[in-house]
Amino acid sequence: VPWAYAYSTWYHQYPRFPLQAIQAASLLSEYTLTDRGTWLSSPSSVTDSLVIYKAGSDNASDPLLNPAHVVLGAKADPSNQDIWTEFMKWVVSADGGQKVIREFTKNGQVLYSEAPTL
């Protein structure tokens, strides 16, 4: 795999700056893998010279599915349990966090997908 080597003539790493990866792909006529938020945050002067080959979907079997997770650290202070419990409930509630997710847009496009209902 190319990322196992310190230097590759055809593979470039931009681990800290995804916008740089898109800019480099545009400038050097290369390819890259990016997330929807980075794509929508990139200026049209960069994205106009690129073509999306495959975009991920909300389908659970999609190999490009990019789910998010609500996590709680193992060392969370038990004295704050009421606060983090309420936050976790808010994130997955239809009229709370899921509403924020559902209505969040970038350049007029919905950026995130709601959590699936179980």
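Refer to the structure above for everything that follows.
We now turn to the structure provided with this report.

Some remarks on the overall build of the protein chain
And then number 1: Along the protein chain, the regular secondary structure elements total five helices and two strands.
And then number 2: Starting at the N terminus and walking to the C terminus, you meet the elements of the protein chain as α-α-α-α-α-β-β.
And then number 3: Taking 2.2 N^0.38 as the reference for a compact globule, 118 residues should give roughly 13 Å; the C-alpha atoms of the protein chain span a radius of gyration of 18 Å, well beyond that estimate.
And then number 4: Among the 118 residues that make up the protein chain, the fraction classed as buried is 17%.
And then number 5: Across the protein chain, contacts joining residues at least 24 apart in sequence account for 20% of those joining residues at least 6 apart.
And then number 6: Of the roughly 9,700 Å² of accessible surface on the protein chain, 58% is carried by carbon and sulfur atoms.
And then number 7: Of the side-chain charges in the protein chain, 8 are positive and 11 negative, and the distance between the mean point of each set is 2 Å.

Re helix 1 (residues 18-28)
And then number 1: The set of residues buried in helix 1 consists of Ala21, Ile22, Ala24, Ala25 and Ser26.
And then number 2: Of the residues one or two after helix 1, Ser29 is the one with positive phi, at around 55°.

A few points about the pattern of salt bridges
And then number 1: All chains considered together, the criterion is met by four salt bridges.
And then number 2: Ionic pairing is found between Lys54 and Asp62, a salt bridge with its closest N-O pair at 3.9 Å.
And then number 3: Its salt-bridge partner being Glu103, residue Lys99 comes within 3.6 Å of it at the nearest N-O pair. Placement of both Lys99 and Glu103 in helix 5 (residues 97-103) is noted, with a separation of four residues, approximately one turn of the helix.
And then number 4: Look at Glu103 and you get partly exposed, because its relative accessible area is 49%.

Description of the packing of aromatic side chains
And then number 1: Counted by the stated rule, this structure contains two aromatic pairs.
And then number 2: Summarising the aromatic geometry, the rings of Phe104 and Tyr112 are spaced 5.7 Å apart at their centres and angled 35° between planes, so their arrangement reads as tilted.

Considerations on a nonpolar patch on the surface
And then number 1: Nonpolar side chains collect at one region of the surface, where Val70, Phe87, Trp90 and Val100 lie side by side and expose about 380 Å² of accessible area between them.
And then number 2: Residue Val70 is classed as partly exposed on the basis of its relative accessible area of 41%.

So, unusual backbone geometry
And then number 1: The residue Ser29 is not glycine, and still its phi comes out positive at about 55°.
And then number 2: Tracing the sequence through the fold places Ser29 in the loop between helix 1 and helix 2 (36-41).
And then number 3: Using a relative accessible area of 68% as the deciding quantity, one classes Ser29 as exposed.

So, the side chain of Thr38
And then number 1: Tracing the backbone shows Thr38 in helix 2.
And then number 2: When sequence neighbours within four positions are dropped, the list of residues in contact with Thr38 reads Pro18, Leu19 and Ile22.

The rules behind the values
Residues numbered from 1 in each chain as written. Predicted model: local features only at pLDDT ≥ 70, side-chain atom pairs only at ≥ 80, totals over all residues. Heavy atoms only, no water. Helix = DSSP H or I, 4+ residues; strand = E, 2+ residues; numbered from the N terminus. Rg over C-alpha atoms; globule rule 2.2 N^0.38 Å. Buried < 20%, exposed > 50% of the residue type's maximum accessible area, 1.4 Å probe, protein only. Contact = heavy atoms within 4.5 Å. Areas by Shrake-Rupley, 256 points an atom, 1.4 Å probe, with all protein chains shown as cover. Lys, Arg positive; Asp, Glu negative; His and termini not counted. Charge placed at Lys NZ, Arg CZ, Asp CG, Glu CD. Salt bridge = Lys/Arg side-chain N within 4 Å of Asp/Glu carboxyl O. Phe/Tyr/Trp six-rings, centres within 6.5 Å; stacked < 30°, edge-to-face > 60°. Patch = residues over 30% accessible without salt bridge, like charges linked within 9 Å, V, L, I, M, F, W, Y side chains within 5 Å.

Geometric values such as these leave the question of function open.
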